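# Coordinate inspection notes
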Amino acid sequence: MTYAYYPGCSLHSSAKEYDHSLRAVCSRLGVELVEIEKWFCCGTTPAHSVSRLLAAALPLGNLAIVQKMRLKEVIVPCAACFWRFKSAVYDVANDNGLREKVEEVIKDSGSHDVKVYHPLELLSLEPQLGEIASLVKRDLTDLKVVCYYGCLLTRPPKVVQFDVCEYPESMDRILGALGITTLDWSYKTDCCGASFALTRTDIVLKLSHEILDGAKSVGADAIVVACPLCHTNLDTRQEEIKQTYGLNYELPILYFTQLIGLSFGLSPREMLLGKHFITTEKLLGVKRYAG
Amino acid sequence: MAIKTIHVPQGFSDFAEAISSVSGVNVNLCFQCTKCASGCPVSFAMDYTPPQLIHAIQLGLSDLVFKSKTVWLCASCQTCTTRCPQEVDLAVVMDALRIIAQRQKLQAKVPEIPTFYRSALRTVALFGRMYELGMIVMLKLATRSLSKDIGLGLKMLMKGKLNILPTFKGALTARRIISQVEAREKL
């Protein structure tokens, strides 16, 4: 299987460990990812808050390159990029006027036919799910975690058409195949404050604090995520949350791909666990951490 | 508390029509069930809840709407849009309000938000991809908040989570798309 791969800006900077672990896991599963050459930013919240045309043209411009690569499917691991790609495709499919303008701007037509997938979707379906279970080498069955999908992976359902919008299960299925216990909790699709990180940090601290609190209260050892913005807010802001709310969570935040990789026998170093602010040493145990 | 009389126009407001023409969303379908307010994660920081803002649009109170914090504090998390029983796409209405406010160069009640948009899009037009370090410095200079987050930024640099240098891959196409949209829409 060969897919085009759109890492997005975060996976080349603040979320290199997500990029790294996703590539490693896909290679073990025989899924070939071909990075789009000369991809550019999807525009994210600044674009859709400034111009509807720009918000659709940037993702579809990238899909036009996928078409030139003669590929029909693209993997988009960042939840925010994924939502912008899905929205662009949805918007031009439902608004002919917008579609014509986008096609003039990107000098391409038909790029909206490229299928956009989040890796959670790809890996939670057969045959990948069965293969994941068959490749398990390291025992992680003592781990109890919560799956945090964030706000954009499943919403709005008519646009992204992925999983159950209020209570998704795809990540739970993947971690379940590794033998990891995933706990029920109330914050699966709550918002972490996302793009307010740099402007209204107070909002991010409050929302992330509530998510950490929800995870701790059901007895989770860690929160598992599938979005680089969720990871940054939950992992790097725990020190400030301690200062603001007086609660020290020290709750490790991992990408689901890092857990799959560890479970396949890849080392914590290969999964770049050292990049996290909250250490995962205690979670995995000294012996396992040493590889 | 002093009582203020607000004069509201009869029938459907022109403002609701204007929002509909930008966003394709008919706000007059809202019957104030307030399900969106219950789910909104940021309503605690807003001056008007989302359904109050929708009501103000129905009444044509554009001044109140554009002077609100709510327009800028919407996190675009799509909870309201997903749950509205009348299928009013509130998140897209918020987009439309921000788009109109910026085109009319209205003073934003939370000015750091549109400043962030401008810094981010300028970075994309220059480098093709988000060059976080450059964007952060640009934003901090514009909002005069250089010292905020400095410790966090340094730690991220040490962890290799921020790139020191930008790349220019994809810059040409991104710049062409952005400048074409700017020219068409006179941004």
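Residues numbered from 1 in each chain as written. Chains lettered and ligands numbered in written order. Predicted model: local features only at pLDDT ≥ 70, side-chain atom pairs only at ≥ 80, totals over all residues.

Moving on: the overall build of chain B. Scanning chain B from terminus to terminus reveals 11 helices and zero strands. Along chain B, helices (α) and strands (β) appear in the sequence α-α-α-α-α-α-α-α-α-α-α when read from the amino end. Across its three principal axes, chain B shows a C-alpha extent of roughly 55 × 40 × 30 Å. Here chain B holds 187 residues, and 40% of them are scored as buried. (Helix = DSSP H or I, 4+ residues; strand = E, 2+ residues; numbered from the N terminus. Buried ≥ 20, exposed ≤ 12 C-beta atoms within 10 Å, placed from the backbone.)

This part is about the overall build of chain A. For chain A, the helix and strand inventory stands at 16 helices and eight strands. Counting only C-alpha atoms and orienting by the principal axes, one finds that chain A spans roughly 55 × 45 × 30 Å. The buried share of chain A, reckoned over its 291 residues, is 60%.

The subject of this paragraph is the domain arrangement of chain B. Splitting chain B by domain gives domain 1 (14–103) and domain 2 (112–185). With centres defined by C-alpha atoms, the gap from domain 1 of chain B to domain 2 of chain B works out at 28 Å. (Domains from an automatic or database assignment.)

Take the interface of chain B and chain A next. When the parts come together, some accessible area is lost, and that loss is often what is quoted as the size of the interface. Across the boundary between the two partners, chain B contributes 46 residues, which contact 41 residues of chain A. Going through the elements one at a time, α6 (79–83), α7 (90–103), α8 (112–127), α9 (132–142), α10 (150–158) and α11 (171–185) of chain B are the ones with two or more residues in the side of chain B that touches chain A. Here the side of chain B that touches chain A takes eight residues from α11 of chain B, the largest share from any one element. Here the residues of the side of chain B that touches chain A sort into 23 nonpolar, 12 polar and 11 charged. (Contact = placed C-beta atoms within 7 Å. Nonpolar A, V, L, I, M, F, W, Y, C, P; charged D, E, K, R; others polar.)

On to α11 of chain B, then. Taking 1.5 Å per residue, 15 residues should reach 21 Å; α11 of chain B reaches 21 Å between its end C-alpha atoms and fits that length. Of the positions making up α11 of chain B, those classed as buried are T173, A174, I177, I178 and V181 of chain B. The buried residues of α11 of chain B occupy an angular sector of 130° when the element is viewed end-on, so they sit on one face. Opposite the buried face of α11 of chain B, by more than 90 degrees, sit the exposed residues L172 and A183 of chain B. Summarising the contacts, the buried residues of α11 of chain B are in contact with α4 (52–68) and α6 (96–106) of chain A together with α8 of chain B. Of the residues trailing α11 of chain B, K186 of chain B is marked for its positive phi of about 50°. (Expected span 1.5 Å × (residues − 1). Arc of directions from axis to C-beta.)

The next subject is the pairing of strand β1 (residues 2–5) of chain A. Both faces of the sheet carry side chains from a regular strand, because those side chains alternate between them. Residue and element names in this part refer to chain A. Relative to strand β2 (residues 32–35), β1 is paired through four bridges, and the arrangement is parallel. Counterpart to Y5 in the pairing with β2 is E35. Relative to strand β3 (residues 73–75), β1 runs parallel, the two sharing two bridges. Across the sheet, A4 pairs through a bridge with V74, a residue of β3. (Pairing = 2+ DSSP bridges.)

The next point concerns the domain arrangement of chain A. All names here are of chain A. Structurally, chain A comprises domain 1 (2–119) and domain 2 (137–289). Put simply, the middle of domain 1 and the middle of domain 2, counted by C-alpha atoms, are 24 Å apart. In this assembly, 23 residues from domain 1 lie in contact with 25 residues from domain 2. The residue inventory of the side of domain 1 that touches domain 2, partitioned by class, reads 12 nonpolar, seven polar and four charged.

A few words now on the environment of R99 of chain A. Residue and element names in this part refer to chain A. Along the chain, the position of R99 falls in helix α6. Its 17 C-beta neighbours within 10 Å are what place R99 among the partly exposed residues. Taking C-alpha positions, R99 is 53 Å from G285, a pair spaced 186 residues apart along the chain.

With that settled, the discussion passes to the sheet that holds β2 of chain A. All names here are of chain A. Strands sit in the order β2-β1-β3-β4 across an open sheet of four strands; the sheet is parallel. Across the chains shown, the open sheet's two edge strands, defined by having one partner strand only, are β2 and β4 (115–117). Recorded for the sheet is a direction-independent mean angle of 40° between the axes of neighbouring strands. (Axes fitted to C-alpha atoms, helices over the stretch in contact; angles between N-to-C directions.)

To continue, consider the sheet that holds strand β8 (residues 253–255) of chain A. All names here are of chain A. In space, the four strands of this open sheet follow the order β6-β5-β7-β8, with parallel pairing throughout. Each edge of the sheet is formed by a strand with only one pairing partner; in this case those strands are β6 (181–182) and β8. Contacts between helix α10 (residues 170–177) and the sheet are confined to β5 (144–148), β6 and β7 (222–225), with β5 contributing the most and set at about 150° to the helix.

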